[in-house]
Amino acid sequence: MNRWLSLLALLLTSACGGAPRSDVSLCGPGGRLRVGLVGAQEGQLESAAGVLADREQFRLRELLTVASRCEVQLEPVVSPEQARLRLKSGGWDLAFLPPGLTAFALEQNGGYGLVRQLGRRGNSKSQLLVKASRGLTSRADLRGQRLGLLPRGSLSGFYLPLFNLHGLRFSEVQYALSFARLREMLNDDKVDVIAWDGAIPHGMEGFEVLHEDSHLIPLGALALSQPLLQADHQPFLHQLDENVTQLPRSLGYASGVLPEPYALQELRAIVAAVEGWSLPQGGQAYTVYGAKSATIAGQGGKR
Amino acid sequence: MSPIKRLFPEPGRRPLRQQLAITLTAILTLSILVAVLLLNLLFGWQARELIDQRAAFFMDAMLSVRAYTSKKVNPIVAPLNQGAGLFRPEAVPSFSAQTVAGLLKDNPDYREYSYREAALNPTNLRDKADSFETGIIEKFRRDPSLKRQSGSKATPLGVVHFVAQPIKVSKESCLVCHSTPQRAPTSQLLAYGDSSGFGWKLNEIVGTQIVTVPQKAVFAAKDRSLIATAVLMTLAFAGVGVITNLVLNQLILRPMREISRKAEEASVIPATVNFEERERRDEIGLLARSFERMKQSLAISMQMLKDRKGQGG
């Protein structure tokens, strides 16, 4: 008797429990949801493990699985360059991106659309940092020096610095994954000038800002691939919005907030222009050269 | 009432044909039930075998992709990774196996198959073992002779069958990229960072290859064949029942009704009745011969009675 009751209860709950939750899944090709996770900030990760603590990663994966009803392949990536390659080859169906890659994702023709805002508003600006003792005062002084950058894909650490250094020749270009590591390289005299984020205190005596770009670095975004944008993705986003506490705090996921594409417009043009140049190889000499788009407003900057 | 007796309810209360039908139905239903139960076990075993086979094949295919990358691709691509340029993951066996598995999944037929290389301390954080995978890896590490684990795994999307094998750092060459950041190519550090995927030791079990294959479809197919078999068996048994009934009618009931009709007739005018069935060599023939003898004695008795009446009158 008891058994029949529990069976009945099971049938009822499975019949009713399934009903309100939409059964549509939001998957990429192959029934999988390939998720890229770079985070909202650029060059702030001391280490790869810093992207996400393990527990956060599993919680995020579970939430995405439940929300999308697909097998989720979550790929946290530390190098914007790797992320850039994934975006370019359409290797991700959904990605949590910092500003530079957000702009890049929009430039992929028909590739990605932005659905949620990531990160917290700050006053990040792209700067060029040198050692005060070197006596470098203007950009022209940087001719023949060694340049330290974040990997390709970063706005404040790659696209904007290169854009602002147009026409200069460097004897060597070096890369690092974080601003902290770049600062170390500058301190150790491995490079002469580095890209820097104005919102981070540079913390050590003896550095000075040689140039500051006028653009405020915008926020990052959650990007969806075109096929997902065309599918019914609202229930999925709704689930994320409702369970925002399950998302890693460092992502700065903003429930229900759509990104402001116009904040990115000018920066997109810069990213597109720089992407069109022949770009520096690590460890090699490089002349910053290429066409600047006519639509880009003045570069601005002090000094 | 004992169960056997219940099979033959109240013998003699119904026509033979009905008695037989009831008995046959009971026996056949029982045997169908038993057969379906046994077949369910057999088909289930076959289904699990099939799933295991598919998983093993998938796993072996991925191992071959890994071997191909190590032997054929890595020697060509590895030198490109020495500089600080872009890291080419095509030289990495793990990358090629997971990429091939991804391409396979693009084919709708293999949508529910998956392949993963999970590690406790992975280079690519995508490969970070979750708690389930960590359990599997720990078990392999505790028992180095263990070559395989398999079973069912519940996921938020349903139950899947998994097969896992250990990944061992079997060659010194692996340590170039997986021991210390200093030894690894600069390009790899720029692509993956320098804080994870290092510190692996020679002959250490660092991770597991896990394939999962769908279970639902195979078990659904099993259930379908089971139902089909049951239906076929029911039809066949029903046929057997009908035929048995017809045969019974033809061989026993009809001749018996015939004999009984003749016996009735013989009770009035024995001379005109002829039990042809006595030519038969079966029990009906025996019965007919008995009736024939009875008819003859009856005829003689009636004759004697007549004669006596004639003498007396």
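How each quantity is defined
Residues numbered from 1 in each chain as written. Chains lettered and ligands numbered in written order. Predicted model: local features only at pLDDT ≥ 70, side-chain atom pairs only at ≥ 80, totals over all residues. Heavy atoms only, no water. Domains from an automatic or database assignment. Contact = heavy atoms within 4.5 Å. Buried area = accessible area lost by both parts, 1.4 Å probe. Salt bridge = Lys/Arg side-chain N within 4 Å of Asp/Glu carboxyl O. Polar contact = N/O pair within 3.5 Å; in protein donor to acceptor, adjacent residues only side chain to side chain. Helix = DSSP H or I, 4+ residues; strand = E, 2+ residues; numbered from the N terminus. Buried < 20%, exposed > 50% of the residue type's maximum accessible area, 1.4 Å probe, protein only. Patch = residues over 30% accessible without salt bridge, like charges linked within 9 Å, V, L, I, M, F, W, Y side chains within 5 Å. Areas by Shrake-Rupley, 256 points an atom, 1.4 Å probe, with all protein chains shown as cover. Expected span 1.5 Å × (residues − 1). Disulfide = S-S within 2.5 Å. Pairing = 2+ DSSP bridges. Axes fitted to C-alpha atoms, helices over the stretch in contact; angles between N-to-C directions. 1 Å grid on protein atoms, 1.4 Å probe; cavity = no way out; pocket = protein on both sides within 12 Å on 5 of 7 lines; lining within 4 Å. Points joined across faces, edges and corners; volume = space filled by probe spheres on them. Nonpolar A, V, L, I, M, F, W, Y, C, P; charged D, E, K, R; others polar.

### Overview of the domain arrangement of chain A
All names here are of chain A.
And then number 1: Domain annotation for chain A reports domain 1 (31-121 + 218-265) and domain 2 (125-217 + 278-287).
And then number 2: Each of domain 1 and domain 2 has a C-alpha centre, and the two are 27 Å apart.
And then number 3: Listed as interface residues are 16 residues of domain 1 and, on the opposing side, 17 residues of domain 2.
And then number 4: Around 1,300 Å² of area is buried between domain 1 and domain 2 when both sides are counted, 57% of it from carbon and sulfur atoms.
And then number 5: Looking only at domain 1, the three residues that lose the most surface to domain 2 are Glu42, Gly43 and Pro218, adding up to 36% of its buried area.
And then number 6: One can count zero salt bridges joining domain 1 with domain 2.
And then number 7: The tally of links between domain 1 and domain 2 comes to six residue pairs in polar contact (both at pLDDT 80 or more).
And then number 8: Taken together, the elements giving at least two residues each to the side of domain 1 that touches domain 2 come down to helix H3 (80-88) and helix H4 (99-107).
And then number 9: Ranked by residues supplied to the side of domain 1 that touches domain 2, first place goes to H4 with four residues.

### A few points about the pattern of salt bridges
And then number 1: Applying the stated criterion across every chain yields a total of 28 salt bridges over all chains.
And then number 2: Across the salt bridge formed by A:Glu275 and A:Arg84, the nearest N and O atoms sit 2.8 Å from each other. Here A:Arg84 lies in helix H3 and A:Glu275 lies in helix H9 (residues 261-275), a separation of 191 residues in the sequence. When sorted by exposure, A:Glu275 lands in the same class as A:Arg84, which is buried.
And then number 3: B:Lys262 is paired through a salt bridge with B:Glu277; the nearest N and O atoms lie 3.2 Å apart. Taken together, the residues B:Lys262 in helix H7 (residues 216-266) and B:Glu277 in the loop between H7 and helix H8 (283-312) connect sequence positions 15 residues apart. The same class applies to B:Lys262 and to B:Glu277, which are both buried.
And then number 4: The network of salt bridges with shared partners includes A:Glu75, A:Arg86, B:Arg126 and B:Asp127.

### Section: the interface of chain B and chain A
And then number 1: Each partner contributes residues to the interface: chain B has 25 residues there, and chain A has 32 residues.
And then number 2: Overall, the association of chain B and chain A removes approximately 2,300 Å² of surface from exposure, summing both partners, and the carbon and sulfur fraction of that is 58%.
And then number 3: Of all residues in chain B, B:Leu125, B:Arg126 and B:Leu190 give up the largest surface area on contact with chain A, accounting jointly for 25% of the area buried on that side.
And then number 4: Summed over the shared surface of chain B and chain A, the result is three salt bridges.

### Quick word on a nonpolar patch on the surface
All names here are of chain B.
And then number 1: A surface patch of nonpolar side chains, about 560 Å² in accessible area, is lined by Leu16, Ile243, Val247, Leu251, Ile252, Met256 and Leu287.
And then number 2: Examining the composition of the nonpolar patch, we find that five residues originate from one element, H7, more than from any other.
And then number 3: Following the sequence through the fold, Val247 ends up in helix H7.

### Side note on helix H3 (residues 93-106) of chain B
And then number 1: Under the 1.5 Å per step criterion, the end-to-end length of H3(B) is 20 Å for 14 residues, consistent within 8% with the ideal 20 Å.
And then number 2: For H3(B), the full list of buried residues reads B:Pro93, B:Ser94, B:Ser96, B:Ala97, B:Gln98, B:Ala101, B:Gly102 and B:Lys105.
And then number 3: For H3(B), the secondary structure elements touched by its buried residues are strand S1 (32-37) and strand S2 (71-76) of chain A together with helix H2 (16-77) and strand S1 (114-119) of chain B.

### Examining the state of the cysteines
And then number 1: In this structure the tally under the stated criterion is one disulfide over all chains.
And then number 2: Each sulfur of the disulfide joining A:Cys27 and A:Cys70 lies 2.0 Å from the other. The disulfide joining A:Cys27 to A:Cys70 has a torsion of about -100° about its S-S bond and is therefore left-handed. Taken together, the residues A:Cys27 in the loop between helix H1 (2-17) and S1 and A:Cys70 in the loop between helix H2 (54-68) and S2 connect sequence positions 43 residues apart.
And then number 3: Using a relative accessible area of 1% as the deciding quantity, one classes A:Cys70 as buried.
And then number 4: The thiol sulfur of B:Cys174 is not disulfide-bonded, and the nearest other cysteine sulfur, from B:Cys177, lies at 8.7 Å.
And then number 5: We classify B:Cys177 as partly exposed; its relative accessible area is 25%.

### A closer look at the domain arrangement of chain B
And then number 1: We note that the domain assignment places domain 1 (39-214) and domain 2 (223-305) within chain B.
And then number 2: A separation of 76 Å is found between the C-alpha centroids of domain 1 of chain B and domain 2 of chain B.

### Observations concerning the environment of B:Glu138
And then number 1: As for its placement among the helices and strands, B:Glu138 is situated in helix H4 (residues 131-142).
And then number 2: Distance from B:Glu138 to B:Asp194, taken between C-alpha atoms, is 24 Å for residues 56 residues apart in sequence.

### Considerations on the pairing of strand S3 (residues 94-97) of chain A
Residue and element names in this part refer to chain A.
And then number 1: Burial along S3 is two-sided: Leu94 and Phe96 and Ala95 and Leu97, pointing in opposite directions, are all buried.
And then number 2: Two elements, S3 and strand S11 (residues 220-225), share four bridges in a ladder whose sense is antiparallel. Opposite Ala95, over in S11, you have Ala223 as the bridge partner.

### Some details on the sheet that holds S1(B)
All names here are of chain B.
And then number 1: With antiparallel pairing, four strands are arranged side by side in an open sheet as S1-S4-S3-S2. Both edges of this open sheet fall to S1 and strand S2 (149-155), since each of them pairs with a single strand only. Averaged over neighbouring strand pairs, the angle between their axes works out to 30° when direction is ignored.
And then number 2: Note that S2 and strand S3 (residues 158-168) share seven bridges and pair antiparallel. Residue pairing in the sheet places Gly151 in a bridge with Phe162 of S3.

### Topic: the layout of surface pockets
Residues and elements named next belong to chain B.
And then number 1: Of the volumes computed, that of the second largest pocket is approximately 1,200 Å³.
And then number 2: Lining the second largest pocket are 47 residues; nearest its centre among them are Arg66, Pro93, Ser94, Cys174 and His178.
And then number 3: Take the lining of the second largest pocket: its biggest share by element is five residues, from H2.
And then number 4: Its residues placed into classes, the lining of the second largest pocket shows 25 nonpolar, 15 polar and seven charged.

### With respect to unusual backbone geometry
And then number 1: Backbone geometry places A:Arg69, a non-glycine residue, at a positive phi of 55°.
And then number 2: Residue A:Arg69 is classed as partly exposed on the basis of its relative accessible area, which comes to 28%.
And then number 3: The backbone of B:Asn203 shows a phi angle near 65°, a positive value even though the residue is not glycine.
And then number 4: Following the sequence through the fold, B:Asn203 ends up in the loop between helix H6 (186-192) and strand S4 (205-214).

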